[in-house]
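Coordinates in review
Listed below are the residues making up each chain.
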Amino acid sequence: MSKRNKIIYWIATIWLSLGMVSTGIVQILRLPEETQFVIDLGFPIYILPLLGVWKILGVLVILIPGYLLLKEWAYAGFFFTMTGALYAHIYSGSSLNEIFPAILLLVLTLLSWYFRPESRKIIPSNK
């Protein structure tokens, strides 16, 4: 892995982790502004703690060595969560200011996944 790719991976992964942990904590705590935001998008508020816990667990899996299959699931979960958020924002007519965080976290998810080192990838065996 080139030094450039390693730098891209770690910058994307650190920013992705910070974004997912911070939004996860806000969702677990069910802060009033987040709760209203989710209601405005048409989701039930009981989904907040579940999403928050999943985000924090996903970050832990991505950051710790090993657990390659779980890493793939975490990236897939982040991808589905952010594309779902993006779709909900567009469908509900949210402003670009409200849509941008979902776009940013989606891009960071894709960058982190694409540039991850070989040691963090499942390498298919040729049988």
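See the structure shown above.
In short, a report on the structure. (Residues numbered from 1 in each chain as written. Predicted model: local features only at pLDDT ≥ 70, side-chain atom pairs only at ≥ 80, totals over all residues. Heavy atoms only, no water.)

Some thoughts on the nonpolar core
Under the convention used in this document: Only buried residues count toward a nonpolar core, which is a set of Ala, Val, Leu, Ile, Met, Phe, Trp, Tyr and Cys residues joined through side-chain atoms within 4.5 Å. Working definition: with a 1.4 Å probe on protein chains only, accessible area under 20% of the residue-type maximum means buried, over 50% means exposed, and in between means partly exposed. Helix and strand assignments come from DSSP, with helices taken as H or I runs of at least 4 residues and strands as E runs of at least 2, each series counted from the N terminus. Contacts are assigned to residue pairs with any non-hydrogen atoms lying within 4.5 Å of each other.
In this structure, Leu16, Met20, Phe78 and Leu105 are the most contacted members of the largest nonpolar core, which totals 17 residues. Mapped by element, the contributors of at least two residues to this core are helix 1 (3-29), helix 3 (47-63), helix 4 (68-92) and helix 5 (96-114). With five residues, the top contributor of residues to this core is helix 4. Discounting chain neighbours no more than four positions away, the residues touching Leu16 are Tyr75, Phe78, Leu105, Leu108, Thr109 and Ser112.

Some remarks on unusual backbone geometry
At Arg30, a position not held by glycine, the phi torsion is positive, near 50°. By secondary structure assignment, the location of Arg30 is in the loop between helix 1 and helix 2 (32-41). Looking at Arg30, the relative accessible area reads 41%, which means it is partly exposed. In this model, Tyr67 sits at a positive phi of 50°, which is unusual for a non-glycine residue. With respect to the helices, strands and loops of the structure, Tyr67 is situated in the loop between helix 3 and helix 4.

Things to note about the side chain of Ser112
Structurally, Ser112 is set in helix 5. Here Ser112 falls in the buried class, since its relative accessible area comes to 0%. Once residues within four sequence positions are removed from consideration, Ser112 is found in contact with Tyr9, Ala12, Thr13, Leu16 and Tyr75.

Thoughts on the packing of aromatic side chains
Put simply, the rule reads: Pairing of aromatic rings covers Phe, Tyr and the six-membered ring of Trp, with a centre-to-centre limit of 6.5 Å; geometry is then stacked below 30 degrees between planes, edge-to-face above 60, and tilted otherwise.
For the structure shown, the criterion picks out four aromatic pairs. Both rings, one in Tyr9 and one in Trp10, keep their centres 4.9 Å apart while their planes meet at 75°; by these two values the pair is edge-to-face. Given the relative accessible area of 0%, Tyr9 is considered buried. Judged by relative accessible area, Trp10 falls into the partly exposed class, the value being 33%. Judged by centre distance (5.0 Å) and plane angle (85°), the ring pair of Tyr114 and Phe115 falls under edge-to-face. We classify Tyr114 as exposed; its relative accessible area is 56%.

Describing the layout of surface pockets
Put simply, the rule is: Here a cavity is any set of points on a 1 Å grid over the protein atoms alone where a 1.4 Å probe fits but cannot get out, and a pocket is any open set with protein on both sides within 12 Å along at least 5 of 7 lines; a residue lines the site when it has an atom within 4 Å of a point. Grid points are joined across faces, edges and corners, and a volume is the space filled by probe spheres set on the points. Each residue gets one label: Ala, Val, Leu, Ile, Met, Phe, Trp, Tyr, Cys and Pro are nonpolar, Asp, Glu, Lys and Arg are charged, and the others, such as Gly, are polar.
Looking at the largest pocket, its volume works out to about 530 Å³. Around the largest pocket, the lining comprises 22 residues; the ones closest to its centre are Gln27, Glu34, Lys55, Ala85 and His89. Only helix 1, helix 2, helix 3, helix 4 and helix 5 provide two or more residues apiece to the lining of the largest pocket. Here the element with the most residues in the lining of the largest pocket is helix 4; it accounts for six residues. Taken together, the residues that form the lining of the largest pocket break down as 14 nonpolar, five polar and three charged. Volume-wise, the second largest pocket comes out at about 200 Å³. Leu51, Trp54, Lys55, Leu57, Gly58, Val61, Leu70, Trp73, Ala74, Gly77, Phe78 and Thr81 are the residues that line the second largest pocket. For the lining of the second largest pocket, the elements supplying multiple residues, two or more each, are helix 3 and helix 4. The residue makeup of the lining of the second largest pocket, split by class, is eight nonpolar, three polar and one charged.

Keep in mind these numbers describe shape, not what the thing actually does.
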